[in-house]
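Here is what each chain is made of, one letter per residue.
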Amino acid sequence: NTLKIFYLRVSRRLSGNCDLIFNTEFTSRDSRTSISQEDAGLDLRQGFFGTGFIIPIELKREVVKISPRIKVGDLTAYFTTTAAKRPSNPIYGLSYVKSLRLEVAYEKGTKTWHFRSSKDFQLSFLISGTLSPEIRTRFTAKKNFYGFGLGFSPK
């Protein structure tokens, strides 16, 4: 009984300090695939500071997530919480971006560790843009998850 999760993310830079993102999560189990979550995101940044917002398409299902961050050089520290009367347990994260992208995060409520690594490759044959393969892992006391991703940003 294998669970497969697929993500489709489409983003558009609206200005030098603002991106708009649409996310769809597909879940597949026993050869049945369904949409399990859809949301929109807004990412704002100015200098060392930034804030991301994740807004569910169906507001009755979830609450808005807020993720403030600070960037110093190649390091970015952030935390993610919900905009609710009783905020959820936050996720604390640290990322390093140079030629290799590394990220580690800890989800306090579920005691889950998340690790992600990716590297960008510039393509100039057939189609030009940036190809970004990614490895994701998630560890809990009872379960481990390993995933692979492939991103593409056209020029």
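Preceding this paragraph is the structure being described.
Let us look at the structure shown here. (Residues numbered from 1 in each chain as written. Predicted model: local features only at pLDDT ≥ 70, side-chain atom pairs only at ≥ 80, totals over all residues. Heavy atoms only, no water.)

## Describing the pairing of strand 6 (residues 75–82)
Both faces of the sheet carry side chains from a regular strand, because those side chains alternate between them.
Then, number 1: As paired elements, strand 5 (residues 65–72) and strand 6 share six bridges and run antiparallel to each other. The partner of V72 across the bridge, within strand 6, is L75.
Then, number 2: Where strand 5 folds back onto strand 6 in an antiparallel hairpin, the turn is made up of two residues, including G73, whose phi is positive at roughly 65°.
Then, number 3: Both strand 6 and strand 7 (residues 91–97) contribute to a ladder of six bridges, which runs antiparallel. Residue L75 lies in a different strand from strand 7, and its bridge partner there is Y96. (Pairing = 2+ DSSP bridges. Helix = DSSP H or I, 4+ residues; strand = E, 2+ residues; numbered from the N terminus.)

## A closer look at the packing of aromatic side chains
Then, number 1: In this structure the tally under the stated criterion is four aromatic pairs.
Then, number 2: Aromatic side chains F139 and Y146 sit 6.0 Å apart centroid to centroid with 80° between the ring planes, which places their arrangement in the edge-to-face category.
Then, number 3: Under the relative-accessibility criterion, F139 is labelled partly exposed at 26%.
Then, number 4: By way of ring pairs, the aromatic residues Y106, W113, F115, F139 and Y146 are connected into one cluster.
Then, number 5: A cation over a ring is seen here: K119 above F121, with NZ or CZ 5.8 Å from the ring centre. (Phe/Tyr/Trp six-rings, centres within 6.5 Å; stacked < 30°, edge-to-face > 60°. Buried < 20%, exposed > 50% of the residue type's maximum accessible area, 1.4 Å probe, protein only. Lys NZ or Arg CZ within 6 Å of the ring centre and 35° of its normal.)

## Some details on a nonpolar patch on the surface
Then, number 1: Residues L75, L94, Y96, L100 and L102 make up a contiguous nonpolar surface patch of about 390 Å² in total accessible area.
Then, number 2: Of all the secondary structure elements, the ones that give two or more residues to the nonpolar patch are strand 7 and strand 8 (100–107).
Then, number 3: Turning to its location among the elements, L75 is positioned in strand 6.
Then, number 4: With a relative accessible area of 41%, L75 lands in the partly exposed category. (Patch = residues over 30% accessible without salt bridge, like charges linked within 9 Å, V, L, I, M, F, W, Y side chains within 5 Å. Areas by Shrake-Rupley, 256 points an atom, 1.4 Å probe, with all protein chains shown as cover. Salt bridge = Lys/Arg side-chain N within 4 Å of Asp/Glu carboxyl O.)

## Quick look at the pattern of salt bridges
Then, number 1: Using the criterion set out here, one finds nine salt bridges in the structure.
Then, number 2: One salt bridge connects E134 with R116, and the closest N-O pair in it is separated by 3.8 Å. Highlighted residues: E134 in strand 11 (residues 129–139) and R116 in strand 9 (residues 112–119), separated in sequence by 18 residues.
Then, number 3: Exposure remark for E134: the relative accessible area of 17% places this residue in the buried category.
Then, number 4: The exposure class of R116 is partly exposed, given its relative accessible area of 29%.
Then, number 5: One network of salt bridges, with partners in common, ties together R13, D19, D43, R45 and R69.

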